[in-house]
Amino acid sequence: METSRTTSYPPLAEDLSVDVAVVGGGIAGLSTAWELGRTGRTVAVLEADRIAAGVSGYTTAKVTALHTLVYGRLRRRQGAEAAGLYARSQQAAVERVAEIVDTLGIDCDFERASAYTYATDPAAGPVLAAEAEAASAAGLPAAYVKHTGLPFPVHGAVRVDHQAQFHPRKYLLALAEDIRANGGSIFERTRITGLSEGTPCRITAESGRTVTARDVVVATHYPVFDRALLFTRLAPRRELVVAAPLSADQAPDGMYITEEEGKRSVRSAPLADGQRLLIVTGESFTPGTGDAGAGFQRLDAWMRERFPVGNTAYRWAAQDNDSTDHIPFVGPFHAAARHTYVATGFGGWGMSGGVLAGQLIADLVQGRAPAWAALYDPRRLKSILKEVPTLITQQAEVAKHFVGDRLRTTHVDSVAEVAPGEGAVVRLNGRTCAVYRDEEGSARAVSARCTHLGCLVSFNRGEKAWECPCHGSRFGVDGSVLQGPAVRPLEKIDIPASDSGRTAR
Ligand code: FES
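What you are looking at is a predicted structure, and each value in this text was computed from that prediction instead of being measured.

## Digging into the overall build of the protein
For the protein, the count of helices and strands is 10 helices and 25 strands. Radius of gyration (C-alpha) of the protein: 23 Å, near the 23 Å computed for a compact globule of 505 residues. Seen through its C-alpha atoms, the protein measures out along the principal axes to roughly 65 × 55 × 50 Å. For the protein, the residues scored as buried account for 60% of the 505 residues in total.

Encoded structure:
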């Protein structure tokens, strides 16, 4: 976000009619709009905030087909053909990025690199060897190796060559400009709150303006409309990242991930003056159930023990949605959908997944179905049925928050107990409120009931945000929507002067 320009596309100011309306301006939405714009269709991208500034602006930006241990699992659960289709489609996305960078001449720090899934524990050796064999059988240039280029001992790793890394915003902002150059439109600060399916479809913005379109693509990360109960098959995860400079000659060459210690992921990006920025991620929690502060500290300590980095320059958090069968949902929105599509559930692999979604949905809109369309089809049942135990656990967790958090009516007894810089759920005049007190001592209250489906929000102290544990909606301390699926802000509530502790707002 700091090393790329800002954007200021206008909000939707009048009703519009286009061939394709894309809701969401992250990598999936922009890729879809770009692919369809190239077919001669008129496209409009409608983004609630700023394009490429949500999860796509805060990703670690590995563009790879090696997704930890996906190939062994896919082959076991869905067969060798499914593993092969996954590998081909993901590698095609990697190559599509390379092709677009080349065709448009985008200066976005695009670098080819090998991707590694490594382990330090000798017990993991057979699992990694099996994964290397499964990835290779699926068609990737994969091998089991002992040497990784990491500056600490590892027992072994799966290595897949010819993968890539880039600056996601530089890439996406160039894509957006090209969409406009081809006659498409980009609208920012345009939150879509209504979708009516038909011929044509119609979407409605918060402002009341409408867009009619033959086809509508919902690419809002977690879908803001849910016609196929996708929220029962998606689990949100908040993922923390730290980054620090190190000398370029001490930076590891590849992109790395391990499932040890919860998970750790490492790559480096170019910086000026012979330095690179080491980017480390891996601490995560379900939104609304964790505190980013402690996770950042653990991640920082892990990085410093292993790499000769300077001061930590950045800390940030992003959000991923895991599908129950670990395969994204890309395709028709629901069983009866004719002209509505969705792209979501990329796990931590939204760069290749988002580009893949763009190509796949563009094909579907044109009446073509690539060989892997069924693998990603949101209407798939076979693979989902195999994940029923995961689904039940996930929904039990949501039910626990829905019921349990309501019974636990207050987290503190009064507004006066909320310390500066803290937030807590408080009962006020019979209503359950989320109260935040700023560092100057002023308290403000909003309804603690999430505007998506009504679960109670919790405070994330490290990021100063209200988070919903059920499907991952996030709100600012003023109640504004930071992250869907919620599209409406938390209702503001006046704190009675007698309750405020100090100055009430
Ligand atoms: Fe679904 Fe809050 S995100 S109830």
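## Regarding the packing of helix α3 (residues 80-104) against helix α5 (residues 168-181)
Working note: a packed helix pair is described by the angle between its axes plus the distance between those axes. Look at α3 against α5: their axes get within 11 Å of each other, and the N-to-C directions meet at 60°. The orientation of α3 with respect to α5, classified from their angle, is oblique. Considering the relative orientation of α3 and α5, their crossing is left-handed. Along its contact with α3, which presents V97, I100, V101 and L104, the element α5 presents Y171, L175 and D178.

## With respect to the pattern of salt bridges
Evaluated as defined, the whole model comprises 29 salt bridges. E467 serves as the salt-bridge partner of R238, at 3.6 Å between the closest nitrogen and oxygen. Of this pair, R238 sits in strand β11 (residues 234-247) while E467 is found in strand β22 (residues 465-467), placing the two residues 229 residues apart along the sequence. Across the pair, E467 and R238 agree in class, each one buried. Within this structure, R237, E239, K263, D320 and D322 form a network of salt bridges that share partners.

## Looking at unusual backbone geometry
Glycine aside, the phi torsion of most residues is negative, and most peptide linkages are trans. The step from T199 to P200 runs through a cis peptide bond, and the omega angle for that step is 5°. The topology assignment puts P200 in the loop between β8 (192-196) and β9 (201-205). Look at the link from G484 to P485: it is a cis peptide, with omega at 20°. Within the secondary structure, P485 is located in the loop between β24 (481-483) and β25 (492-493). Here the phi dihedral of A52 falls at roughly 55°; this positive angle occurs in a residue that is not glycine. Tracing the sequence through the fold places A52 in the loop between β2 (43-46) and β3 (62-63). Look at A52 and you get buried, because its relative accessible area is 1%. Positive phi, normally seen in glycine, also occurs at T68, with a value near 60°. Judged by its relative accessible area of 7%, T68 falls in the buried class.

## Points about the sheet that holds strand β21 (residues 458-460)
Spatial strand order, β21-β22-β23-β24: four strands in an open sheet with antiparallel pairing. Every interior strand has two partners, whereas the edge strands, β21 and β24, have only one. Pairing between β21 and β22: three bridges, direction antiparallel. For N460, the partnering residue across the bridge sits in β22 and is A465.

## Considering the state of the cysteines
Overall, the coordinates contain one disulfide when judged by the stated rule. Two residues share a disulfide in this structure: C455 and C470, whose sulfurs sit 2.0 Å from each other. On the sign convention where negative is left-handed, the bridge of C455 and C470, at about -85° about the S-S bond, is left-handed. Here C455, found in the loop between β20 (443-447) and β21, pairs with C470, found in the loop between β22 and β23 (474-475); they are 15 residues apart in sequence, far enough to count as distant. The class of C455 is buried, set by a relative accessible area of 3%. No disulfide involves C433; its nearest neighbouring cysteine sulfur is the one of C450, lying 15 Å away. For C450, a relative accessible area of 3% translates into the label buried.

## As for the sheet that holds β25
Overall, antiparallel pairing links the four strands, which are arranged β18-β19-β20-β25 in an open sheet. Of all the strands in the sheet, just β18 (423-428) and β25 have a single pairing partner and so form its edges. Relative to β20, strand β19 (residues 431-437) runs antiparallel, the two being bridged by five bridges. Residue pairing for β20: A434 is matched across the bridge by V446.

## Thoughts on helix α4 (residues 125-137)
Look at α4: 18 Å from first C-alpha to last across 13 residues, which is about the 18 Å you get at 1.5 Å a residue. Listed in full, the buried residues belonging to α4 are G125, L128, E131, A132, A134 and A135. Phi turns positive one or two residues past the end of α4, at G139, with a value near 110°.

## So, the packing of aromatic side chains
According to the stated counting rule, one finds 10 aromatic pairs in the structure shown. Here the aromatic rings of Y116 and Y256 are separated by 4.9 Å at their centres, their planes lie at 15°, and the arrangement is stacked. Residue Y116 is found in strand β4 (residues 111-119), and its partner Y256 is found in strand β12 (residues 255-258); the two are separated by 140 residues along the sequence. Taking the centre distance of 5.7 Å and the plane angle of 35° together, the rings of Y436 and F459 count as tilted. Of this pair, Y436 sits in strand β19 while F459 is found in strand β21, placing the two residues 23 residues apart along the sequence. Here the aromatic residues Y118, F152, W302 and F307 are joined through ring pairs into a cluster of three or more. A cation sits over an aromatic face here: R306 above F152, 5.7 Å from the ring centre.

So, how was this worked out
- Residues numbered from 1 in each chain as written.
- Predicted model: local features only at pLDDT ≥ 70, side-chain atom pairs only at ≥ 80, totals over all residues.
- Heavy atoms only, no water.
- Helix = DSSP H or I, 4+ residues; strand = E, 2+ residues; numbered from the N terminus.
- Rg over C-alpha atoms; globule rule 2.2 N^0.38 Å.
- Buried < 20%, exposed > 50% of the residue type's maximum accessible area, 1.4 Å probe, protein only.
- Axes fitted to C-alpha atoms, helices over the stretch in contact; angles between N-to-C directions.
- Parallel < 35°, antiparallel > 145°, perpendicular 65-115°, else oblique.
- Left-handed = near helix turned anticlockwise from the far one by under 90°.
- Contact = heavy atoms within 4.5 Å.
- Salt bridge = Lys/Arg side-chain N within 4 Å of Asp/Glu carboxyl O.
- Pairing = 2+ DSSP bridges.
- Disulfide = S-S within 2.5 Å.
- Expected span 1.5 Å × (residues − 1).
- Phe/Tyr/Trp six-rings, centres within 6.5 Å; stacked < 30°, edge-to-face > 60°.
- Lys NZ or Arg CZ within 6 Å of the ring centre and 35° of its normal.

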